[in-house]
Amino acid sequence: MNTYPIHATDRIFVRATLHGASVIELSISGIDSLTALIGEIRHAGRHLEGLANLFIRNLSQGWARTSFIKFYNRFPSPHTAAIRAASAYRAAQRARQSPSHPTDTPQKATPIVNLTSPSTPLPF
């Protein structure tokens, strides 16, 4: 049983907030299912990225629902892509410069046989 029925004649209000800011506000009619409504919300937020708080209110039937929606930035700008690539490059450089594990640090090689002293017997 669908507890949130939607008919094509219903008027629906949608608000999505991301990091405390309202990023989407829609007033929609002509949608006949919750799946189609989520599709419209995702289309409106195709430039967003992150987990958003979603408020849906059916003004015609009088119900309201809050939930979460994850937005994936489908069309990153070239500027955003360049920033991400530079950030990944700097992170890789930092990882190479600062070892994360004690065995990653280069160790000074210790000779097995001290060849500078003639009194040291050879190992074979």
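Notes on the structure in this doc start here. (Residues numbered from 1 in each chain as written. Predicted model: local features only at pLDDT ≥ 70, side-chain atom pairs only at ≥ 80, totals over all residues. Heavy atoms only, no water.)

Here we look at the environment of Asn 58
The topology assignment puts Asn 58 in strand E3 (residues 50-58). Look at Asn 58 and you get buried, because its relative accessible area is 0%. Between the alpha carbons of Asn 58 and Ser 29 there is a distance of 9.8 Å; along the sequence they are 29 residues apart. There is a polar contact of 3.1 Å between the side chain of Asn 58 and the backbone nitrogen of Gln 61. (Helix = DSSP H or I, 4+ residues; strand = E, 2+ residues; numbered from the N terminus. Buried < 20%, exposed > 50% of the residue type's maximum accessible area, 1.4 Å probe, protein only. Polar contact = N/O pair within 3.5 Å; in protein donor to acceptor, adjacent residues only side chain to side chain.)

Observations regarding unusual backbone geometry
Keep in mind that most residues, glycine aside, have a negative phi and that most peptide bonds are trans. Positive phi outside glycine occurs at His 19, with the angle close to 55°. Structurally, the position occupied by His 19 is in the loop between strand E1 (11-18) and strand E2 (21-29).

Comments concerning the pairing of E1
Side chains of E1 alternate between two faces, with Ile 12, Val 14, Ala 16 and Leu 18 buried and Arg 11, Phe 13, Arg 15 and Thr 17 left unburied. As paired strands, E1 and E2 are joined by eight bridges and run antiparallel to one another. Of the residues in E2, the one forming a bridge with Phe 13 is Ser 27. Hairpin connection between E1 and E2: a loop of two residues separates the two successive antiparallel strands, and His 19 in this loop has a positive phi of roughly 55°. The pairing of E1 with E3 spans six bridges and is antiparallel. For Val 14, the partnering residue across the bridge sits in E3 and is Ile 56. (Pairing = 2+ DSSP bridges.)

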